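Chain and residue survey
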Amino acid sequence: MAHIVCVSDGMTSVVYSVLELARRLAVDGHRVTFVGRPERRALALRQGLAFEALPCNRSAGYLASDARSGPISRL
């Protein structure tokens, strides 16, 4: 079987989708490593996945300011 790396540095809904995909691949016999923010380690380990932390996210400041803005200001 393959060694598959699943990477997610996105929103919580994306993280859960990627974790579910990784869990299903692992159940099918693949070796799966989840790569994400350090605070996602516990989620990955609970699914029985290997985990590697992503380095510092340079877009975190932009994402935080974007989340505070309204749809009109994004235009």
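Residues numbered from 1 in each chain as written. Predicted model: local features only at pLDDT ≥ 70, side-chain atom pairs only at ≥ 80, totals over all residues. Heavy atoms only, no water.

Overview of the pairing of strand 2 (residues 31–36)
- Across the six residues of strand 2, five count as buried, placing the element largely inside the fold.
- As paired strands, strand 1 (residues 3–8) and strand 2 are joined by six bridges and run parallel to one another. Directly across from Val7, in strand 2, lies its bridge partner Val35.
- With four bridges connecting them, strand 2 and strand 3 (residues 50–53) associate as parallel partners. Within the sheet, the bridge partner assigned to Phe34 lies in strand 3 and is Phe51.
- Considered for its hand, the β-α-β crossover made up of strand 2, helix 2 (residues 41–46) and strand 3 is right-handed. (Buried < 20%, exposed > 50% of the residue type's maximum accessible area, 1.4 Å probe, protein only. Helix = DSSP H or I, 4+ residues; strand = E, 2+ residues; numbered from the N terminus. Pairing = 2+ DSSP bridges. Right-handed = clockwise from strand over helix to strand, strands pointing away.)

Observations regarding the pattern of salt bridges
- In the structure shown here, the tally under the stated rule is three salt bridges.
- The salt bridge involving Arg23 is made with Glu20; its shortest N-O contact spans 2.7 Å. With Arg23 and Glu20 both in helix 1 (residues 12–27) and three residues apart, this pair spans about one turn of that helix.
- Take Glu20: its relative accessible area is 28%, and that puts it in the partly exposed class.
- Close ionic contact of Glu20 with Arg24 constitutes a salt bridge, the shortest N to O distance being 2.7 Å. Of this pair, Glu20 and Arg24 both sit in helix 1, four residues apart, roughly one helical turn.
- Through salt bridges with shared partners, a single network forms among Glu20, Arg23 and Arg24. (Salt bridge = Lys/Arg side-chain N within 4 Å of Asp/Glu carboxyl O.)

Here we look at the side chain of Thr33
- Along the chain, the position of Thr33 falls in strand 2.
- Residue classification places Thr33 among the buried positions, given a relative accessible area of 11%.
- Those residues in contact with Thr33 that lie beyond four places of it in its chain are His3, Ile4, Val5, Cys6, Ala50, Phe51 and Glu52. (Contact = heavy atoms within 4.5 Å.)

Considering the environment of Ala22
- Along the chain, the position of Ala22 falls in helix 1.
- On the accessibility criterion, Ala22 (0% relative accessible area) is buried.
- Discounting chain neighbours no more than four positions away, the residues touching Ala22 are Cys6, Val32 and Leu49.

Geometric values such as these leave the question of function open.
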